[in-house]
Amino acid sequence: MTLTEADVAKHVRTKSWTIHYNEAGPADGPVIVLIHGGGPGATGWSNYNPNIESIAEAGFRVIAPDLPGWGDSSEVDFATYDQVEAVCQLLDALGIEKAAFVGNSMGGHTSIRMAIEHPERVTHLITMGAPIQMKPILFGAGGGPSEGLKIMGQAWADYSPETMKRLVEIMVFDKERFATPELCRQRSAAVARRPEHAANVVKAAPKAPITIWVEPGRLSEITAPSLLIHGRDDRVVSFETALVLAANIPDSRAHIINRCGHWAQLEHADEFNRLVADFVRNH
């Protein structure tokens with residue numbers, strides 16, 4: 001990887017927010033929007049730095065924003081915040097009519113809502129570890145949030161490197177390779193730079209970070225070709241969710257990766273990059 005965050009960092013003013021985003025690839029290429037997850041320290045760059053350059057080199061215009069409420073974008077009031085509205089405002093501000101949407105975790109959920117509520121703007125839907133509200137749960141945690149979601153909630157209130165280490169370790173399968181002290185310090189420092197974001201999430205919990213949930217009965221309305229990537233060892237959102245999505249989205253296929261946690265795009269970056277480029281190009 002040769003690109004740095006500084007190489008691709010930009011800001012744009014939308015109707016309601018200032019949004020920081022990363023952009024790479026040809027300006028006239030098909031657009032792929034990468035939406036990050038909802039954990040503390042998440043940004044477009046932190047969630048997708050092993051992917052942006054590779055996907056751009058495949059001929060795509062890659063946009064990886066910090067959603068309002070995260071990173072270097074405007075803070076939000078989670079009592080009234082709608083992430084889909086934020087995404088639509090970003091597209092409008094950048095003059096993008098439609099795009100392929102790739103979303104990890106919360107970003108996957110936001111992308112699912114985009115595909116349902118704004119189908120004319122979504123050419124492809126790709127999710128990794130996307131949560132949906134469903135009962136009963138066969139393979140996931142019963143009686144409450146998963147162990148990963150519990151630790152994520154704690155990390156929003158205490159984003160010390162020590163707590164971040166517990167969070168990162170539960171996000172990945174290969175702890176030795178990915179849960180490095182450097183990454184944990186980086187995630188902690190990222191939250192500390194904009195403590196108002198963490199305070200807003202804590203204040204709004206449990207209705208944050210996801211403020212509006214998709215209605216499961218509407219999944220069958222999705223017309224975009226959909227690729228549902230999920231780690232078999234995901235301890236935040238069970239891979240069962242990908243099976244439910246695949247059973248309900250008409251033009252879909254599930255891709256389950258063994259020895260993989262919640263961050264498939266990081267733990268299996270090369271495979272993920274090939275999957276995304278091939279799927280968007282050929283479907």
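The preceding data block contains the structure.
Residues numbered from 1 in each chain as written. Predicted model: local features only at pLDDT ≥ 70, side-chain atom pairs only at ≥ 80, totals over all residues. Heavy atoms only, no water.

**Digging into the overall build of the chain**
When helices and strands are counted, the chain shows 13 helices and eight strands. Over its C-alpha atoms the chain spans a radius of gyration of 17 Å, differing by no more than 12% from the 19 Å that the globule rule assigns to 283 residues. Among the 283 residues that make up the chain, the fraction classed as buried is 56%. Long-range pairs, those at least 24 residues apart, make up 74% of the contacts in the chain with a sequence separation of at least 6. Counting only carbon and sulfur atoms, one obtains 51% of the accessible surface of the chain, whose full area is about 12000 Å². For the chain, the separation between the mean place of its 26 positive charges and that of its 34 negative charges on side chains is 3 Å. (Helix = DSSP H or I, 4+ residues; strand = E, 2+ residues; numbered from the N terminus. Rg over C-alpha atoms; globule rule 2.2 N^0.38 Å. Buried < 20%, exposed > 50% of the residue type's maximum accessible area, 1.4 Å probe, protein only. Contact = heavy atoms within 4.5 Å. Areas by Shrake-Rupley, 256 points an atom, 1.4 Å probe, with all protein chains shown as cover. Lys, Arg positive; Asp, Glu negative; His and termini not counted. Charge placed at Lys NZ, Arg CZ, Asp CG, Glu CD.)

**So, empty space enclosed by the protein**
Applying the stated criterion across every chain, the model contains one cavity of 30 Å³ or more. What the largest cavity holds in volume is close to 60 Å³. Around the largest cavity, the lining residues are Gly37, Gly38, Gly39, Ala42, Asn47, Asn104, Ser105, Met152, Met171, Arg187, His262 and Trp263. Split by residue class, the lining of the largest cavity holds four nonpolar, seven polar and one charged. (1 Å grid on protein atoms, 1.4 Å probe; cavity = no way out; pocket = protein on both sides within 12 Å on 5 of 7 lines; lining within 4 Å. Points joined across faces, edges and corners; volume = space filled by probe spheres on them. Nonpolar A, V, L, I, M, F, W, Y, C, P; charged D, E, K, R; others polar.)

**Things to note about the pattern of salt bridges**
Tallying each qualifying case throughout the model produces eleven salt bridges. For Arg61, the salt bridge is made with Glu23, and the minimal N-O distance between the two is 2.8 Å. One end of the pair, Arg61, is in strand β4 (residues 61–65); the other, Glu23, is in strand β2 (residues 18–24), and 38 residues separate them in sequence. Taken as a pair, Arg61 and Glu23 share a single burial class, namely buried. A salt bridge links Glu147 to Arg235, with the nearest nitrogen and oxygen atoms 3.0 Å apart. In this pair, Glu147 is assigned in helix α6 (residues 147–157) and Arg235 in the loop between β7 (226–231) and α11 (240–248), connecting sequence segments 88 residues apart. By relative accessible area, which is 41% here, Glu147 ends up partly exposed. When its relative accessible area of 31% is taken as the criterion, Arg235 is described as partly exposed. The network of salt bridges with common partners includes Lys10, Glu23 and Arg61. (Salt bridge = Lys/Arg side-chain N within 4 Å of Asp/Glu carboxyl O.)

**What about the pairing of strand β1 (residues 9–13)?**
Bridge count for β1 against β2 is five bridges, and the pairing is antiparallel. Its bridge partner being in β2, His11 is matched across the sheet by His20. The loop that links β1 with its antiparallel partner β2 comprises four residues. (Pairing = 2+ DSSP bridges.)

**With respect to unusual backbone geometry**
A cis amide bond links Ala205 to the next residue, Pro206, at an omega of 5°. Residue placement: Pro206 occurs in the loop between α10 (195–204) and β7. The step from Ala208 to Pro209 runs through a cis peptide bond, and the omega angle for that step is 10°. If you check the backbone angles, Arg259 has positive phi at about 55° while not being a glycine. Mapped onto the secondary structure, Arg259 falls in the loop between β8 (252–257) and α12 (264–267).

Just geometry here; none of it tells us what the structure is for.
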